[in-house]
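Each chain, written out:
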Amino acid sequence: MKGDSNQEESIVETELQTELLVHNHHELKGGMITMPFIIVNEAFERVASYGLMPNMIFYLMDVYHMELATGTSILSIWSALSNGLSIFGAFISDSYFGRFRVIAFGSLSTLLGMTFLWLTSVVPQLTPSSCNEPETGCNPTTPTQLAFLFSCFILLSIGSGCIRPCSIAFGADQLKHHPTPNNQRLIDSYFNWYYVSIMISTVVAFTAMVYIQEHLGWQVGFAVAVLIMFCSALMFLLGSFLYVKVKPSESLFLGLVQVLVVAFKNRGIELLPDDCYNHSKELDHVELTDYLRFLNKACVLKDLNFDSSGLDPWSVSNVEKVESLKSLIRVLPLWSTGILLFTTISQNFPTLQAKTMNRYVTSWFEIPAASFTIFMVLTLTIWIALYDCILVPFIAKYTHEPRGFHPKTRMGIGLVISTGGMMVSAIVETKRRDLAGSNTTTVMSAMWLVPQYALLGLAEAFNSIGQIEFYYSELPKGMSSIAIAMFLVSNAISGLVGSLLINGVDAITTKGGNISWLSSDINIGHLDYYYWLLCFLNLLNFFYYLVCYRVHRSSPS
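Everything quoted here is computed from the prediction, not taken from an experiment. (Residues numbered from 1 in each chain as written. Predicted model: local features only at pLDDT ≥ 70, side-chain atom pairs only at ≥ 80, totals over all residues. Heavy atoms only, no water.)

## A word on the overall build of the chain
To keep things clear, this is the line we draw: Secondary structure elements are defined from DSSP: runs of H or I of at least 4 residues count as helices, runs of E of at least 2 residues count as strands, and each element is numbered from the N terminus. Only protein chains enter the calculation, and the probe is 1.4 Å; a residue is then buried if its accessible area is under 20% of its type maximum, exposed if over 50%, and partly exposed in between. By definition, residues are in contact when any of their heavy atoms lie within 4.5 Å.
In terms of helices and strands, the chain carries 16 helices and zero strands. With 557 residues in all, the chain has 48% of them scored as buried. Intrachain contacts of the chain at a sequence separation of at least 6 include 80% that bridge at least 24 residues.

So this is what it looks like as structure tokens:
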């Protein structure tokens, strides 16, 4: 008996030592030492990816002989795919593979996609022959060449869809699970530096990367992107042994889907006043409301003898998940008002306008046409700093809102400004087209495009940040990840809307042999008419927003 007792004590002691060793090993990982690896990975990925986008319309038109409308439509779909896959990346990282594996896979996918894209500029067989060389015929792009190009875009979309939704959360994991004093202050500091790195990488992408492509050619420009992305992937993998790798758990997205499935299964049930409902023991207790009452069927208990902790979530959900889904549905109308704004902001046509205008700011320096997007980024950045530091305390005195204007109000202001931005765009394009006549270029300064870029940057600053704050204020605390997800989904849908709009306008305006508004030669097309159309649609969207605003106020809390 004594021997058995000693043996049991020895086993317990061994298990305790092992547990302490694992715990201490976990504590040694993470912390501020991991931040350079994570931030550099995200920043370099954005420099490489964002650096490809502004000039890509010229690559499709000049190298692949695409029409303006076709190339712009493809880029809109590419943008939609990248944003849409961000939701998928967040889901598989939370539920199955964990953030480290998903980011690592995304980094390698992006690197492979950029390498393939670089090969299209190096290997002649991957692109159609140039139309500018007399000795070679201007052959159309073959299906194989298009398939290879589209595979590059798909790999890049998969990469960005895996990296961007997981990177910031992965960095926060390193601080949350590390025994560092003043943890929350470090997390706040990390978020600040993370967004600063994004802003810097965006500026570098829209200036330096664009400049390299325009002056040194596609081969060098794409090779630089490959090199930067290689450094990004390598930097992330080098920190592998330092990271805290949180195990995946149940995804909130899956919980919301379960509510819909169970409510549909129970559609024949009649809800009674004395029904009992299943509550979660892990989430904060919430009271069931009568808003969208049919969803309450998902959490009704048919058998009161079952232990709620052992219930199958695909058979019985809980009140907390049902109310979370109701909160999400309640904000959907206002969420939908931002789709057209993102469609408006992501247009590539101003880059074509800048290409035909005088872009010299001195006698020796010419701004690349694709770099004019930087004025939108700078406006957004300056306005956020100005609003946050100076205007909020002043406006709060009159609105009694801690953030100055209410998030819903800021969303509406952004929609009004975007309408004004399209109006300015149409007027400037009308003037540019009149001055250009039949000439390829015009003496009109490209700096006339700055006001429309500034207005669209201001519209994004008001609406986008207002949207995110609105979602955070309306959704339960446990659904903070859904707020970012909704923002990404609206960006994805805006890309599809943009593609449909462009194809529709091109098809309608070319009927009867007429020249398309979106002709590749913008001097004979009518971009100004297209901008007036967008202006009108944005105005209609604003009136739709006013209706949604009113409806949301009358919804139950």
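## A short note on the confidence of the model for the chain
Test applied: The predictor attaches a confidence to each residue, called pLDDT, with possible values from 0 through 100.
Scored by pLDDT, the chain has a mean of 85; 87% of the residues are at 70 or more. Element-level mean pLDDT values for the chain span from 49 in helix H1 (residues 2-28) up to 95 in helix H7 (residues 218-238).

## Details of the packing of helix H2 (residues 35-62) against helix H3 (residues 68-97)
What counts, and what does not: Each axis is a line fitted through C-alpha atoms, and for a helix only the stretch in contact is used; angles between axes span 0 to 180 degrees, taken between their N-to-C directions. An angle below 35 degrees is read as roughly parallel, one above 145 as roughly antiparallel, one from 65 to 115 as roughly perpendicular, and any other as oblique. Left-handed is the label given to a crossing in which the near helix is rotated counterclockwise from the far helix by less than a right angle, and right-handed is the label when the rotation is clockwise.
It is the contact of H2 with H3, at a shortest axis distance of 9 Å, that shows an interaxial angle of 140°. Judged by the angle between their axes, H2 and H3 are oblique. Considering how the two elements wind past one another, H2 and H3 form a crossing that is right-handed. Every residue of H3 that contacts H2 at Met53, Met56, Ile57, Leu60 and Met61 is listed here: Leu68, Gly71, Thr72, Ile74, Leu75 and Trp78.

## Regarding the nonpolar core
Filter applied, for reference: To define a nonpolar core, start from buried Ala, Val, Leu, Ile, Met, Phe, Trp, Tyr and Cys residues and group those joined through side-chain atoms within 4.5 Å.
Core analysis: the biggest nonpolar cluster contains 120 residues, and Met56, Leu60 and Tyr530 have the highest contact counts within it. The element contributing the most residues to this core is H2, with 13 residues. Ranked by size, the runner-up nonpolar core spans five residues in total, among them Tyr50, Ala205, Phe206 and Val377.

## Section: the packing of H2 against helix H4 (residues 99-122)
What describes two packed helices is the angle between their axes and the distance between those same axes. Counted only if it meets this: Three classes are used, and their members are as follows: Ala, Val, Leu, Ile, Met, Phe, Trp, Tyr, Cys and Pro are nonpolar, Asp, Glu, Lys and Arg are charged, and the others, Gly among them, are polar.
Where H2 meets H4, the closest approach of the two axes is 12 Å, and the angle between their N-to-C directions is 35°. For the pair H2 and H4, the crossing hand works out as left-handed. Counting all contacts with H2, which are made through Asn41, Ala48, Ser49, Leu52, Met56 and Tyr59, the residues of H4 involved are Ile103, Ser107, Thr110, Met114, Leu117, Thr120 and Ser121. A class-by-class count of the residues in the contact of H2 with H4 yields seven nonpolar, six polar and no charged.

## Observations concerning helix H12 (residues 374-399)
The test is simple: Expected span of a helix: the number of residues minus one, times 1.5 Å. We define the bend at any residue as the angle between the axes fitted to the seven residues before and including it, ending there, and the seven starting there.
A rise of 1.5 Å per residue sets the reference length of H12, with its 26 residues, at 38 Å; its end C-alpha atoms lie only 33 Å apart and thus fall more than 12% short of the reference. Most pronounced at Leu391, the bend in H12 amounts to some 60°, and the proline Pro393 follows within four residues. Of all the positions in H12, only Ile374, Met376, Val377, Thr379, Leu380, Trp383, Tyr387, Val392, Ile395 and Ala396 are classed as buried. A positive backbone phi angle near 60° is found at His400, which sits one or two residues after H12.

## What to know about the packing of aromatic side chains
As a reminder, the rule being used: Two aromatic rings from Phe, Tyr or Trp, using only the six-membered ring of Trp, form a pair when their centres are within 6.5 Å; if the ring planes differ by under 30 degrees the pair is stacked, by over 60 it is edge-to-face, and anything between is tilted. Lysine and arginine charges are scored as sitting over a ring when NZ or CZ, respectively, is within 6 Å of the ring centre and within 35 degrees of the ring normal.
The final tally for this structure, using the stated rule, is 30 aromatic pairs. Geometrically, the ring pair formed by Trp383 and Tyr387 is tilted, given 5.9 Å between the ring centres and 35° between the ring planes. Pair noted here: Trp383 and Tyr387 are both in helix H12, with a separation of four residues, about one helical turn. Across the pair, Tyr387 and Trp383 agree in class, each one buried. With a centroid separation of 6.1 Å and 55° between ring planes, the pair formed by Phe542 and Phe543 is classed as tilted. Phe543 gets classed as partly exposed once you look at its relative accessible area, which sits at 45%. Among the aromatic residues, ring-to-ring pairing joins Tyr59, Tyr64, Trp218 and Phe222 into one connected group. Sitting over the ring of Tyr549, Lys408 keeps its end group 4.4 Å from the ring centre.

## Side note on the environment of Trp314
Examined against the element boundaries, Trp314 turns out to sit in the loop between helix H8 (252-265) and helix H9 (319-336). Residue class for Trp314 comes out partly exposed when judged on its relative accessible area of 31%. Along the primary structure Trp314 and Gln258 are separated by 56 residues, whereas in three dimensions their C-alpha atoms are 5.6 Å apart. With near-sequence residues (within four places) excluded, Trp314 lies in contact with Leu254, Val257, Gln258, Val261, Val262 and Lys265.

## A short note on unusual backbone geometry
Backbone geometry places His65, a non-glycine residue, at a positive phi of 60°. Note on placement: His65 falls in the loop between H2 and H3. One non-glycine residue, His400, lies in positive phi territory at about 60°. Relative to the assigned elements, His400 resides in the loop between H12 and helix H13 (407-436).

## Some thoughts on the environment of Thr510
Put simply, the test is: Under this definition, polar contacts are N or O atom pairs within 3.5 Å; protein pairs additionally need one hydrogen-donor-capable and one acceptor-capable atom, and for neighbouring residues in sequence, both atoms have to be side-chain atoms.
Counting through the fold element by element, Thr510 comes out in the loop between helix H15 (480-509) and helix H16 (527-554). Among the polar contacts made by the side chain of Thr510, one reaches the main-chain carbonyl oxygen of Asp506 at a distance of 2.7 Å. A polar side-chain atom of Thr510 sits 3.2 Å from the main-chain carbonyl oxygen of Ala507.

## Comments concerning a nonpolar patch on the surface
For the record, the criterion: Patch definition: residues with relative accessible area over 30% and no salt bridge; like charges joined within 9 Å; nonpolar side chains (Val, Leu, Ile, Met, Phe, Trp, Tyr) joined within 5 Å. For every accessible area listed, the method is Shrake-Rupley and the probe measures 1.4 Å; residues are considered covered only by the protein chains on display. We count a salt bridge whenever a side-chain nitrogen from Lys or Arg sits within 4 Å of a carboxyl oxygen from Asp or Glu.
A grouping of Phe536, Leu539, Leu540, Phe543 and Leu546 is seen on the molecular surface, where their side chains present a nonpolar patch of about 460 Å² in accessible area. Along the polypeptide, Leu546 turns up in helix H16.

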